[in-house]
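# Observations on chain architecture
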Amino acid sequence: MNTTTATLPDSASHTYEQVATASNEVAGLLAKRLKTETQGEVLFSTADRGRYATDASIYQVIPLGVFVPKHAEEVATAMAICRDLKVPIVPRGGGTSQCGQTTGVGLVIDHSKHVRNILNLDLQAGTVEVQPGMVLDSLNASLKKHGVWFPVDVSTGAQATLGGMAGNNSCGSRSIAYGNMVHNVLGAKAWLSNGELLDFSQFENSNGREKQIGLFVKQLAVHHQAELQTNWPKVLRRVAGYNLDIFDNQNERPYSPDGKVNLSHLLVGSEGTLAMTQSLTLKLSELPTAKVLGVVNFNSFHKAMDSAQHIVKLGSGSLTAVELVDRTMIDLSLKIPAFAPTIRTAIIGEPEAILLVEFAGTDKEKLKRELKQLVALMGDMGLPNSVVEMVDDAPQKNLWEVRKAGLNIMMSLKGDGKPVSFIEDCAVPLEHLAEYTDALTQVFQKHGTKGTWYAHASVGTLHVRPILDMRRDGPLKMRAIAEEASALVRKFKGAYSGEHGDGLCRGEWIEWQFGPALQQAFAQIKQHLDPLNLLSPNRMVNPPKMDDTSLMRFGNNYKIIPIQTALDWSAWNVHNDAATEQTTLPGTGQDPAQGLAKAVEMCNNNGTCRKFDAGTMCPSFRVTRDEVHATRGRANTLRLALSGQLQGGLESPEVKEAMDLCVGCKGCKRDCPTGVDMARMKIEVQHHYNEKHGLQLKDKLISNLPRYAHIASQWPGLMNLRNQSPLLAKLAESLTGLSAERSWPEWKKDHFFNGPRVGVSAEEVLKASKPVVLFVDTFNGYFESENAWAAHDVLFAAGYQVHIASRTKQDTPGQHLCCGRTYLASGQVNKAKEHAQTLLEALLPFAQKGIAIVGLEPSCLLTLRDESLVMGLGEMAETVAAHAVLFEEFLEAENKVGKLDALKVKLTPAQKPILVHGHCHQKAFGLMPSVTQVIQLIPQAKVDLIESSCCGMAGSFGYEASHLEVSKQMAEANLLPSIRNNEDACVVADGTSCRHQIVDGTKRDAIHVALLLAQHLIK
Ligand SMILES: Cc1cc2nc3c(=O)[nH]c(=O)nc-3n(C[C@H](O)[C@H](O)[C@H](O)COP(=O)(O)OP(=O)(O)OC[C@H]3O[C@@H](n4cnc5c(N)ncnc54)[C@H](O)[C@@H]3O)c2cc1C
Ligand code: SF4
Ligand code: SF4
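Figured I'd write up the structure that's included with this text.

Turning next to the packing of helix α11 (residues 301-311) against helix α17 (residues 433-446). It is the contact of α11 with α17, at a shortest axis distance of 7 Å, that shows an interaxial angle of 145 degrees. Taken together, the residues of α17 that come into contact with α11 (itself represented by Phe 301, His 302, Met 305, Asp 306 and Ala 308) are Leu 433, Ala 434, Thr 437 and Asp 438. Partitioning the contact of α11 with α17 into residue classes produces 5 nonpolar, 2 polar and 2 charged.

Here it is as structure tokens:
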């Protein structure tokens, strides 16, 4: 064996260059063979390739194509085809890597959609074998009932795949207790690029090709023993390069507890460059049944850093995490409604930093004693009364969610300067942590920027991202800061890449870290396992420069095409100051797309929209598991379109396809950590599409409903015929595209708007002592009038003088008011604006008097607090928005100030358990607690909230034949089974379309909360 040469064969390196120029002929052949030889998805369109050209890094490299295998074996087939055609392969899981690991020319193979099963669970042995596309949290969800878990708890656990985690040698918050990925993998079956399927496990039991590989690496390790001893960082968190030290362990913690060599550890951290994982065998740990958390408040960041080395000595084995949250992060969290209440539970005064110190085990009492030791330690260190003790599970869980969202919280900064990941996971020994962070902070200052610190203080890996503008001087500054940071890492004998891997960003630093001899050894390992240089070439070996702008998402040629937007996006159109994080005034950011492009660019590809566990985002991805149907896929498509990388721009069929299954639920508005509001973007995009292609009949029919409702309701027999005749329903489907399977809302001759007048006049309410204005929307007014009457009755019973809002302008048909929602749903911004204007003019006098404007339909009322503010309706919109509340919000607020006593005594006890489904827009505005609290006004009410995403009906979405199946699948994900499983419950749903979906899917009626309360009024 020659252990001194490290060059790759010429033919192999040429392959990379050749494919990089994307020969159409090769692409065509590749796509054709994949289509004929597999059942997987073959995605070669410009938009698909663009969507897979990025991950959570700053890079963008357009691949030749994308393959989504249906079965694991198809990965081998695809590899064989690539081998024949000399096309490089880029393995991919969730695509959440931060260093560009999953960006590359060639064929991207996405394992996350289908190749994601548990293959073998052996509880006796404490092991599980999984396919690489399985997501960590879904594995842990299925293990929970057995009292075990896979403990490498990365922050991206809800979307990161185990194949990707192994690829990156990922590390969780609790690595001090459980180690990194490499410490928890017991075996890997993987294909070499020549097609051989090998079983990488214990070296001493191996034979054949596996043994040969082991011997080859062993000889390299022996040959380079001196460099291994001197150049290899001796910290837990070193993930750079290949794990040559499996034969001469340099890690703080042995890779295997028994010290035996496991060949699978060679693949861990190899970032898909050595072999393609078919399955992984993982070591399971006992799930801690008890946890306590001490939140230590520090008045200086330096003190927090300095304390970590002492805190880690506590707990005699039960200390599982010491995590940092700094002042900037605390401030940012306080500004996010979803996080503010939680972070307030953890802070005492205004700390400069907090450390989250967790002890876990099986005996809560013992852990409580350990928590007291922490309190005592801090007292000894001059910080008495600095620890918030959290013993109960719920507050701990909430705080961990905030910490896990740390990076994303930081990324919510608007403007072109963004926190950039390139030195964010350097690991230094704990005794140098304070000195290291001080010195690096000075480096940032020198370069006119700042960084926010957070993460794993227990293992010396502090995350920090300086704010850089990658379109301007960012790449230059990145290089300069990287040079100075690396000098510090060397001074403190740390690891430059301590968590997030090498990829494009740190490939060039591998030689810097380990020296030329070890780099040479890595090249030999690559050559030995992948002589064809087929697997992610030019990454760990022969990597490009980190600041090669031709590989960046916002590279030299990135330019936004000027467009005139229909909605106001100026809030995003700002510049920011890297040092102060202050942003300029709205509209000053020089975005040729008037802020829309900058709003779209807020997506940093972190992949949170691929999660399944909680929240609403993103229902269409949850059903399809397609990248194109995730918020990220949509944001990337829009970015490509707005920057001229997609022919046809916003009006292109590719953009239409990406938007098609977006239900406009606003889940992303709340759940996306950087606030990508795709529902609003969809309105803007549809507006542009309509301008070019015109409106479809179904859009006209639905959007104009508020205009013709007063006429249609006069002919209910005729209008409802379609629901009674399957033939007519079929005919209507072929004409309108609205599914024959769905019933349409029933028209009624007698409805709220032509029924007996209720409530007081405008003049009376303006003078009333307990005034309230009720805005009755088209749907509740015409189709479910009982809700409008119920709302009136409940408010009246509570002693309010209720005025029913009505038109002040009589120049258009119909007397009722409309928010314009139906027009917005199909992108008709101008028409929506007309309606909203009339509504606002009618409501303004009451809002100006401070009178609450109460609405029933979440999507209608909340339009006043959302889209109305960006349609150019000026101050009037702001004033009304400030007073527009949902029925339940109003009652909850009034109850808090003791104004509902009159109502409470009139409510009779609940007879049934109550099950609540939240409308997506209620959830997006964080209003579900109001619903449950208002229901609890009813004596003996037992309320359960269904943990569901969108119901799938989403306005007219679920009525459309082309969406029928997806709509049903969304409902079946959780909502409908929960209702079926609670036969006795009374179901409450405030959304008209949600109620419709529920009755269609379960034959059970759901009712508005106003009706529920009214039904419980003493008759
Ligand atoms: C907000 C945020 C927070 C993060 N927090 C953490 C954290 O706490 N800890 C941490 O360690 N990392 C963290 N990361 C980085 C990243 O999420 C993790 O590395 C994660 O494990 C990657 O999983 P993935 O499925 O997205 O992998 P991908 O990014 O898709 O792939 C990762 C690597 O694995 C390779 N790969 C994928 N599948 C295979 C296969 N079948 N065979 C061979 N190679 C394969 C890929 O080629 C790539 O090199 C964070 C990232 C973000 C954006
Ligand atoms: S849309 Fe939001 S959640 Fe999804 S990847 Fe982009 S930033 Fe992350
Ligand atoms: S609005 Fe809803 S469906 Fe559309 S991208 Fe956001 S979360 Fe997904």
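A separate point is unusual backbone geometry. Following Met 617, the chain continues to Cys 618 via a peptide bond in cis, the omega torsion being -10 degrees. In this structure, Cys 618 sits in the loop between α22 (596-600) and α23 (619-624). The residue Lys 86 is not glycine, and still its phi comes out positive at about 55 degrees. As for its position among the elements, Lys 86 is in the loop between α4 (73-85) and β3 (89-92). Overall, Lys 86 belongs to the partly exposed group, its relative accessible area being 47%. Located in the positive-phi region is Lys 666, a residue other than glycine, with phi close to 65 degrees.

Take the site of ligand 1 next. As a matter of local geometry, ligand 1 sits amid 35 residues, with Pro 91, Gly 93, Thr 96, Ser 97 and Thr 161 nearest to it. Separating an oxygen atom of ligand 1 from a backbone N or O atom of Ser 155 is a distance of 3.0 Å. Between an oxygen atom of ligand 1 and a side-chain N or O atom of Thr 161, the distance comes to 2.7 Å. When residues in the shell around ligand 1 are grouped by element, the largest group, 5 residues, is from helix α6 (residues 162-168). The residue makeup of the shell around ligand 1, split by class, is 10 nonpolar, 22 polar and 3 charged.

It is worth spelling out the nonpolar core at this point. Counting residues in hydrophobic clusters, the biggest one holds 69 residues, and the most contacted among them are Leu 638, Met 678 and Met 681. Broken down by element, the residue count for this core peaks at 10 residues, all from helix α37 (residues 829-848). Setting aside chain neighbours within four positions, we find Met 681 in contact with Trp 569, Leu 596, Ala 599, Val 600, Leu 638 and Val 676. Counting 62 residues, the second largest nonpolar core, distinct from the first, contains Val 387, Ala 457, Met 478 and Leu 488.

Each strand in a sheet pairs with another by means of backbone hydrogen bonds, the pair being arranged parallel or else antiparallel. Reading across the sheet, the 4 strands line up as β20-β19-β21-β22 and stay open at both edges, with parallel pairing between neighbours. On the outer flanks of this sheet lie β20 (801-804) and β22 (884-886), each paired with one strand and no other. Between one strand and the next, the sheet's axes are offset by a mean angle of 35 degrees, whatever the strand orientation. Summarising the sheet, strand β19 (residues 771-775) and strand β21 (residues 853-855) pair through 3 bridges and their orientation is parallel. Residue pairing across strands places Val 773 opposite Ile 853, the latter belonging to β21. Taken strand by strand, helix α35 (residues 785-797) contacts β19 and β20, and its axis lies near 175 degrees from that of β19.

Here we take up the side chain of His 1016. Among the structural elements, His 1016 can be located in the segment after α47 (1009-1015). Beyond its immediate stretch of four places on either side in the chain, His 1016 contacts Lys 906, Leu 907, Thr 908, Pro 909, Ala 910, Gln 911 and Ile 938.

Before going further, it helps to examine the packing of helix α2 (residues 24-37) against α4. Where α2 meets α4, the axes come as close as 10 Å, and the angle between the chain directions of the two elements is 150 degrees. By the angle class used here, α2 and α4 are roughly antiparallel. The element α2 and its partner α4 pack so that their crossing is right-handed. Residue-level contacts link Val 26, Leu 29, Leu 30, Arg 33, Leu 34 and Glu 37 of α2 to Thr 77, Ala 78, Ile 81, Cys 82, Asp 84 and Leu 85 of α4. Tallied by class, the residues present in the contact of α2 with α4 amount to 8 nonpolar, 1 polar and 3 charged.

One pass over the structure, following the stated rule, counts 23 aromatic pairs. Aromatic pair Trp 149 and Tyr 178: ring centres 5.5 Å apart, planes at 90 degrees, arrangement edge-to-face. Of the two residues, Trp 149 sits in strand β7 (residues 148-149) while Tyr 178 sits in helix α7 (residues 175-178), which places them 29 residues apart along the sequence. For the pair Trp 149 and Tyr 178, one class covers both residues: buried. Taking the centre distance of 5.2 Å and the plane angle of 85 degrees together, the rings of Phe 514 and Phe 522 count as edge-to-face. Each member of the pair, Phe 514 together with Phe 522, is buried. Ring pairs connect the aromatic residues Tyr 708, Trp 747, Phe 752, Phe 753, Phe 779, Tyr 782, Phe 783 and Trp 789, which therefore count as one cluster. Between Lys 291 and the ring centre of Trp 149, over which it is positioned, the NZ or CZ distance is 5.9 Å. The residue whose ring lies beneath Arg 471 is Phe 554, and the NZ or CZ to ring-centre distance is 4.5 Å.

Conventions and cut-offs
Residues numbered from 1 in each chain as written. Chains lettered and ligands numbered in written order. Predicted model: local features only at pLDDT ≥ 70, side-chain atom pairs only at ≥ 80, totals over all residues. Heavy atoms only, no water. Axes fitted to C-alpha atoms, helices over the stretch in contact; angles between N-to-C directions. Helix = DSSP H or I, 4+ residues; strand = E, 2+ residues; numbered from the N terminus. Contact = heavy atoms within 4.5 Å. Nonpolar A, V, L, I, M, F, W, Y, C, P; charged D, E, K, R; others polar. Buried < 20%, exposed > 50% of the residue type's maximum accessible area, 1.4 Å probe, protein only. Near = heavy atom within 4 Å. Polar contact = N/O pair within 3.5 Å; in protein donor to acceptor, adjacent residues only side chain to side chain. Core = buried A, V, L, I, M, F, W, Y, C linked by side-chain atoms within 4.5 Å. Pairing = 2+ DSSP bridges. Parallel < 35°, antiparallel > 145°, perpendicular 65-115°, else oblique. Left-handed = near helix turned anticlockwise from the far one by under 90°. Phe/Tyr/Trp six-rings, centres within 6.5 Å; stacked < 30°, edge-to-face > 60°. Lys NZ or Arg CZ within 6 Å of the ring centre and 35° of its normal.

So far we have only geometry, and geometry alone does not tell us how the molecule works.
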